[in-house]
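Observations on the three-dimensional arrangement
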Amino acid sequence: MTQADVLRSVGKPFSKRAEQQNGAAVETWIYKETTWDQGGWSWNRTVSDSEVVFRNDRVVSFGVAKERHIHRAPGDINVNVSRDE
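Residues numbered from 1 in each chain as written. Predicted model: local features only at pLDDT ≥ 70, side-chain atom pairs only at ≥ 80, totals over all residues. Heavy atoms only, no water.

Some points on the overall build of the chain
What counts, and what does not: Starting at the N terminus, helices and strands are each numbered in turn, a helix being any DSSP run of H or I of at least four residues and a strand any DSSP run of E of at least two. Only protein chains enter the accessibility calculation, which uses a 1.4 Å probe. A residue is then buried if its area is under 20% of the maximum for its type, exposed if over 50%, and partly exposed in between. Exposure was quantified through the Shrake-Rupley algorithm and a 1.4 Å probe, taking into account, for residues, occlusion by the shown protein chains and nothing else.
Counting its secondary structure elements, the chain contains one helix and four strands. Along the chain, helices (α) and strands (β) appear in the sequence α-β-β-β-β when read from the amino end. When each of the 85 residues of the chain is scored for burial, the buried share is 22%. Of the roughly 6700 Å² that the chain leaves accessible, carbon and sulfur atoms contribute 50%.

Here's what the structure looks like:
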């Protein structure tokens, strides 16, 4: 796939970085995704950084580069409730 193909398929990346490796232009696009799931008595949030790596405008690799898991216990969540008197 080319960079234009990736843009059409998944949209704009969160960030990009470019460099030269052995005389070839290498560009890395970073996509971020946050997912939530209920893990019993807590909510778990996963933040993933996925990378698409291009060499001379063609995809050479892609996949999850980094994941962070954030666990919240119910007592950690602040819920403000008010009632009319």
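Remarks on the pattern of salt bridges
What counts is decided by this rule: We define a salt bridge as a contact between a side-chain nitrogen of Lys or Arg and a carboxyl oxygen of Asp or Glu at a distance within 4 Å.
Using the criterion set out here, one finds four salt bridges in the structure. Between Arg17 and Glu51 there is a salt bridge, with its nearest N and O atoms 3.4 Å apart. Residue Arg17 is found in strand β1 (residues 15-21), and its partner Glu51 is found in strand β3 (residues 42-55); the two are separated by 34 residues along the sequence. For Glu51, a relative accessible area of 21% corresponds to the partly exposed category.

Concerning the nonpolar core
Our working definition: Grouping buried Ala, Val, Leu, Ile, Met, Phe, Trp, Tyr and Cys residues that are joined through side-chain atoms within 4.5 Å yields what is termed a nonpolar core. We call two residues in contact when some of their heavy atoms are within 4.5 Å.
Counting five residues, the largest nonpolar core consists of Val6, Trp29, Tyr31, Val52 and Phe54. For this core, the secondary-structure elements that each account for two or more residues are β2 (24-39) and β3. Excluding residues within four positions of it along the chain, Phe54 makes contact with Thr2, Gln3, Val6, Ala25, Val26, Glu27, Trp29, Val59 and Val60.

Considerations on the side chain of Ser48
With respect to the helices and strands, the residue Ser48 is situated in strand β3. Assessed through its relative accessible area of 8%, Ser48 is described here as buried.

As for unusual backbone geometry
If you check the backbone angles, Asn22 has positive phi at about 50° while not being a glycine. Inspection of the secondary structure puts Asn22 in the loop between β1 and β2. In this structure, Asp57 takes a positive phi of about 70° despite not being glycine. In this fold, Asp57 is placed in the loop between β3 and β4 (58-72).

Overview of the side chain of Thr46
Mapping Thr46 onto the fold places it in strand β3. Thr46 sits in the buried class, given a relative accessible area of 12%. Beyond its immediate chain neighbours, meaning those up to four positions away, Thr46 contacts Glu33, Thr34, Thr35, Glu67, Arg68 and His69.

Looking at the environment of Ala25
Mapped onto the fold, Ala25 is located in strand β2. Separated by 31 residues in the primary sequence, Ala25 and Asn56 have C-alpha atoms spaced 5.3 Å apart.

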